[in-house]
Amino acid sequence: MSDQSLPADRRPWILLSPALVFITALVVVPMAFILVYSFYENIDLAQDVPAFQFGNWQELLTDSYYRTAIWKTLRLSLIVTGLAAVLGYIPAYVIAMTRYRHKWLLLLLLIIPFWISFIIRTLSWIHIFGNQGALNGLLGLLGLTEAPLSIMYTEFTVIVGFIHVFLPYMILNIYVSLEGIDQNLEPAARTLGATPWQAFREVTLPLSLPGLAAGCLLVFVLTGGSYVTPLILGGPSDFLFGNLVYDAVVTELNWPMGATLSFALLLFLGSVVVLYSKLMGMDQLSKAFGR
Amino acid sequence: MARVELVNIRKSFGALKAVHGADAVFEEGSFTTLLGPSGCGKTTILRMISGLESPTSGDIFIGERRINDVPVHKRNLGLVFQNYALFPHRTIGENIAFGLKYRNISPSDMAQKVKDALDIVRLPKVQDRYPSQLSGGQQQRIALARAIVIEPDVLLLDEPLSALDANLREDMRVELKAIQDRIGVTSIFVTHDQSEALAMSDKIIVMSAGRIEQIGTPEEVYNTPATAFVAGFLGASNMLPARVLGRDASHILLETPEFGQTAVALARAAALGTNRGATLSTGDKALLMIRAEKLTLGPAGGDAPQAVVENVDYQGQLARYFLRIGETRLQAINMIDAAPFLAGQTVSLTLNPNACSALPEDTSA
């Protein structure tokens, strides 16, 4: 590559330029505005004074409330990611390995939920877990419970809601990497003496790690950045960092603080992504597929 | 090392019958080829021996043991795939050692065995590389090393040369056969390539549409094909509709409009019991099979049948002629003496009756 002439070296940049222009105009510049806003001072509801002061950042770093929120976000995101990885691997494996001729139908089933608004899908859990919901109705009908169980508005329902919404991302990521694995590798391992489980563990699982890792990262970041699911399905204490941003901007009309919190969340999730790809050695894994 | 025997093996995938009752014996230490066009059931048979498919009915024996219900990982077989199927996330050394891990072998023995296997396939220095860093031919040698290092009872080869380019394929063919001779493992080779089958095999099993058409040595299946399918699949041949005029102990007399009466030797085919032509009797419809290289062209004139050269496929020392006698089209492959015959020329045809076969009329087509 290095010995190519200069015009050829520029070509990637020319091809990238439309995307770069859009990203700059629609992401980088607005983010810069938000960063500037985080130094402004909020004197009253929706009343901001342009300034360059670190009051908002100081509040963020000193008030333990924010640290609790970070911790809650981290914890919940890890739980959701872990559960989604386990729950997502199985259907991904089944879809990838099936000899069923209409595989596209199974994939379509994964995509169909995206046609329904994410809010509607989240709200639907109220009809399942609520006091008048399907689950309590069934338990009552079977005479298993005297009074309806209070399931709604807990951390449990928030986790269920997240998994419901983000699982397809996990499944599709794992599916794509499983689909790329040569179908003869497991049989090859089997003929060499590996049991079905050993063949899976030694061959298929390691080769699907890039997809699993990508799915985990995606679900982690999506969970860590969301606020709607806890708002709809969670109780008063089930808030994520995103909810603080929402509160600051929408409820308190304190945009400078909202900007500070947004930026802090961006830095937090951004550093997770960077750290993660370093630790997972994604480039190392991709080397195994270099052909 | 062991002998393999198939007893009335059948395999259906739903309504599709892939193998209709196959019986075959693969002698200990022999190299047997399952030859046929794609979809003839040869790979299905191989996969049933390996255990990756289970037969719908029938028995498979390796040595004295019936292995129908033995799971794949306990069969001790080496399987080499067409696309190599090396583990891309493991080094070459780890790939070869993969099967040894399940066999209670000490680490030092394992290292020695890996080294020996790499020496056998003549790639001693690639142990620490990854499969993607090797060429296709090298990858296939590693796949072979991985299969033989476990000292399998049977070595199964599923079109191992098909993914290689033509020159490399011939080299690998020679090398594969040499390795098999050296280690003496019972080998079952699946291919659709007749020249691979003829060059490498002790015995060839020709298959078509899920049935075994003929089992024999390369010379037997080439020289005395049992069916029209075998005659057509191996080599270039002409098949002329004929009528049986009569027979005696050693010959069968066929009549064709093109060549008149031809006495075809039966002896060898009948003795083998493989030539279904041996069952023909007077008055039957039959086919006269003439190998393209046994049909000799000469200058026009004389008593011999006259044909017109329609096309010439010049191949250097050989020429392939497309001929016409009346409405019948024939092909002939002849050495070129001085200059090839030319398209449009009339030639006389001579055939050597000893190189012809009598076949029952093809009922499958």
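Counting restarts for each chain, with residues numbered from 1 along the sequence as it is written. Whichever chain is written first becomes A and whichever ligand is written first becomes 1, with later ones labelled in order. Predicted model: local features are reported for residues with pLDDT of at least 70 only, side-chain atom pairs are reported and counted for 80 or more only, and whole-chain, interface and lining totals are derived from all residues. Working from all heavy atoms in the structure, the side-chain values ignore hydrogens and water.

The subject of this paragraph is the overall build of chain A. Each helix is a run of DSSP H or I of at least 4 residues and each strand a run of E of at least 2, with the numbering of both proceeding from the N terminus. In terms of regular secondary structure, chain A is built from 13 helices and 2 strands. Along the first, second and third principal axes, the C-alpha atoms of chain A reach 80 × 75 × 35 Å. Expressed as a percentage of the 291 residues in chain A, the buried residues total 38%. Every residue pair with non-hydrogen atoms within 4.5 Å of one another is taken to be in contact. The long-range share in chain A, meaning contacts at least 24 apart out of those at least 6 apart in sequence, stands at 69%. Using a 1.4 Å probe, accessible areas were evaluated by the Shrake-Rupley method; residue-level cover was limited to the displayed protein chains. Working note: accessible area of chain A is about 16,700 Å², and carbon and sulfur atoms make up 71% of it. Lys and Arg are tallied as positive, Asp and Glu as negative. Neither His nor the chain termini are counted. In plain terms, the charge of a residue is placed at NZ if it is Lys, CZ if Arg, CG if Asp and CD if Glu. Across chain A, the mean location of the 14 positive side-chain charges is 17 Å away from that of the 17 negative side-chain charges. Only protein chains enter the accessibility calculation, which uses a 1.4 Å probe; a residue whose area is less than 20% of its type maximum is buried, one above 50% is exposed, and one in between is partly exposed.

The next point concerns the nonpolar core. The biggest cluster of nonpolar side chains holds 108 residues, and the ones touching the most others in it are Ile45, Ile96, Ile142, Leu144 and Ile188 of chain B. The dominant element in this core, judged by the number of residues it contributes, is helix H7 (residues 155-179) of chain A, at 13 residues. Sequence-distant contacts of isoleucine 188 of chain B, defined by excluding residues within four places in its chain, comprise Val4, Phe26, Thr32, Leu34, Leu46, Ile49, Val154, Leu155, Leu156 and Leu157 of chain B. Throughout, nonpolar core names a set of buried Ala, Val, Leu, Ile, Met, Phe, Trp, Tyr and Cys residues whose side chains join them through atoms within 4.5 Å. If you look at the next biggest cluster of nonpolar residues, it comprises 28 residues, including Val264, Leu288, Val309 and Tyr321 of chain B.

Once that is clear, we can look at the sheet that holds strand S2 (residues 16-26) of chain B. Two modes of strand pairing occur in sheets, parallel and antiparallel, and in both the strands are linked by backbone hydrogen bonds. Residues and elements named next belong to chain B. Pairing between strands is defined by DSSP: at least two bridges between them are needed. Pairing in this open sheet of 4 strands is antiparallel, and the strands run S2-S1-S4-S5 from one edge to the other. Looking at the sheet topology across the chains shown, the edges are occupied by S2 and strand S5 (65-66). Pairing between strand S4 (residues 57-62) and S5: 2 bridges, direction antiparallel. Within the sheet, the bridge partner assigned to isoleucine 62 lies in S5 and is arginine 65. Running over the sheet, helix H1 (residues 42-50) touches strand S1 (4-13), S2 and S4 and is turned about 115° from S1. In this analysis an axis means a line fitted to C-alpha atoms, helices contributing only their contacting stretch, and an angle means the value between N-to-C directions, from 0 to 180 degrees.

Another aspect to go through is the interface of chain B and chain A. With 23 residues of chain B in contact, the opposing surface of chain A contributes 22 residues. Of the roughly 2,100 Å² buried between chain B and chain A, counting both surfaces, carbon and sulfur atoms make up 60%. Put simply, buried area is how much 1.4 Å-probe accessible surface two parts lose in total, over both of them, once they are put together. When the buried area of chain B at its contact with chain A is split by residue, His73, His89 and Tyr102 of chain B rank highest and sum to 27% of it. A side-chain nitrogen of Lys or Arg and a carboxyl oxygen of Asp or Glu constitute a salt bridge if their distance falls within 4 Å. Our enumeration of links across chain B and chain A arrives at 3 salt bridges. When the shortest N-O distance is used, the salt bridge between arginine 90 of chain B and glutamate 202 of chain A registers 2.7 Å.

What follows concerns the confidence of the model for chain B. All names here are of chain B. Scored by pLDDT, chain B has a mean of 88; 95% of the residues are at 70 or more. Confidence scores per residue from the predictor, reported as pLDDT, run from 0 to 100. A low-confidence stretch, residues 268-275 stays under pLDDT 50, and its non-local contacts, those more than four residues away or across chains, total 17 contacts. ipTM for the predicted complex: 0.81, alongside a pTM of 0.80.

Turning our attention to a nonpolar patch on the surface. Residues and elements named next belong to chain A. Patches were defined on residues exceeding 30% relative accessible area and lacking a salt bridge, with like-charge contacts within 9 Å and nonpolar side-chain contacts (Val, Leu, Ile, Met, Phe, Trp, Tyr) within 5 Å. Nonpolar side chains collect at one region of the surface, where Leu109, Ile111, Ile112, Phe114, Trp115, Ile116 and Ile120 lie side by side and expose about 670 Å² of accessible area between them. By secondary structure assignment, the location of tryptophan 115 is in the loop between helix H4 (103-111) and helix H5 (118-129). With relative accessibility at 63%, the residue tryptophan 115 sits in the exposed group.

Before going further, it helps to spend a moment on the sheet that holds strand S20 (residues 356-360) of chain B. Residue and element names in this part refer to chain B. What the 5 strands build is an open sheet, ordered S13-S12-S11-S14-S20; its pairing is antiparallel. The open sheet has two edge strands with one neighbour each: strand S13 (260-265) and S20. When strand polarity is set aside, the average angle formed by the axes of neighbouring strands in this sheet is 45°.

Residue and element names in this part refer to chain B. In this fold, isoleucine 188 is placed in strand S8 (residues 186-191). What makes isoleucine 188 buried here is its relative accessible area of 0%. For the pair isoleucine 188 and isoleucine 252, spaced 64 residues apart in the sequence, the C-alpha separation amounts to 36 Å.

For the rest of this paragraph, the subject is the packing of aromatic side chains. Two aromatic rings, drawn from Phe, Tyr or Trp (for Trp, its six-membered ring), form a pair once their centres lie within 6.5 Å of each other, and the interplanar angle then sorts them: stacked below 30 degrees, edge-to-face above 60, tilted otherwise. Enumeration according to the criterion identifies 21 aromatic pairs over all chains in this entry. Between tryptophan 125 of chain A and phenylalanine 129 of chain A, the ring centres sit 5.3 Å apart and the planes meet at 20°, which makes this aromatic pair stacked. Taken together, the residues span about one helical turn, with tryptophan 125 of chain A and phenylalanine 129 of chain A both in helix H5 at a distance of 4 residues. What makes tryptophan 125 of chain A buried here is its relative accessible area of 16%. On the numbers, 6.0 Å between centres and 65° between planes, the contact of tyrosine 321 of chain B with phenylalanine 341 of chain B is edge-to-face. On the criterion of sequence distance, the pair formed by tyrosine 321 of chain B in strand S17 (residues 318-325) and phenylalanine 341 of chain B in the loop between strand S18 (328-335) and strand S19 (346-351) is long-range, its members being 20 residues apart. The burial state of tyrosine 321 of chain B is the same as that of phenylalanine 341 of chain B; both residues are buried.

Looking now at the domain arrangement of chain B. Residue and element names in this part refer to chain B. What counts as a domain boundary in this text is fixed by an automatic or database domain assignment. In terms of domains, chain B is made up of domain 1 (4-223) and domain 2 (228-360). The C-alpha-based centres of domain 1 and domain 2 are spaced at 37 Å. Taken together, the contact between domain 1 and domain 2 spans 18 residues of the former and 12 residues of the latter. Of the roughly 1,300 Å² buried at the junction of domain 1 and domain 2 (both faces included), carbon and sulfur atoms supply 58%. Put simply, domain 1 and domain 2 have 0 salt bridges between them. Secondary-structure elements contributing two or more residues to the side of domain 1 that touches domain 2 are helix H6 (194-200), strand S9 (203-208), strand S10 (211-216) and helix H7 (218-223). Tallying contributions element by element places H7 first for the side of domain 1 that touches domain 2, with 5 residues. Tallied by class, the residues present in the side of domain 1 that touches domain 2 amount to 9 nonpolar, 6 polar and 3 charged. By the convention adopted, Pro, Cys, Tyr, Trp, Phe, Met, Ile, Leu, Val and Ala count as nonpolar, Lys, Arg, Asp and Glu as charged, and the other residues, Gly among them, as polar.

Below, the discussion takes up the side chain of threonine 122 of chain A. Residues and elements named next belong to chain A. Locating threonine 122 in the fold gives a position in helix H5. Here threonine 122 falls in the buried class, since its relative accessible area comes to 0%. Among the polar contacts listed, one links the side chain of threonine 122 to the backbone oxygen of phenylalanine 118, at a separation of 2.8 Å. Once you skip the residues sitting within four places of it in the chain, threonine 122 turns out to touch Val165, Thr229, Ile232 and Leu233. Any N or O atom pair separated by 3.5 Å or less is treated as a polar contact, with the protein-specific requirement of one donor-capable and one acceptor-capable atom, and with residues adjacent in sequence counted only for side-chain atom pairs.

Next up on the list: unusual backbone geometry. Phi is positive for alanine 46 of chain A, close to 60°, though the residue is something other than glycine. Within the fold, alanine 46 of chain A resides in the loop between strand S1 (41-44) and strand S2 (47-49). Here the phi dihedral of asparagine 104 of chain B falls at roughly 45°; this positive angle occurs in a residue that is not glycine. The residue asparagine 104 of chain B is located in the loop between helix H2 (92-97) and helix H3 (107-120) in this model.

All names here are of chain B. Side chains of S17 alternate between two faces, with Ala319, Tyr321, Leu323 and Ile325 buried and Leu318, Arg320, Phe322 and Arg324 left unburied. Pairing of strand S16 (residues 306-314) with S17 involves 6 bridges; the strand directions are antiparallel. Across the sheet, the residue bridging to asparagine 311 is phenylalanine 322, located in S17. The turn linking S16 back onto S17 is made up of 3 residues, and glycine 316 within it adopts a positive phi angle of 90°. Note: S17 against S18, 8 bridges, orientation antiparallel. Residue isoleucine 325 lies in a different strand from S18, and its bridge partner there is threonine 328. Hairpin connection, S17 to S18: the antiparallel pair is bridged by 2 residues, and glycine 326 has positive phi, about 60°.

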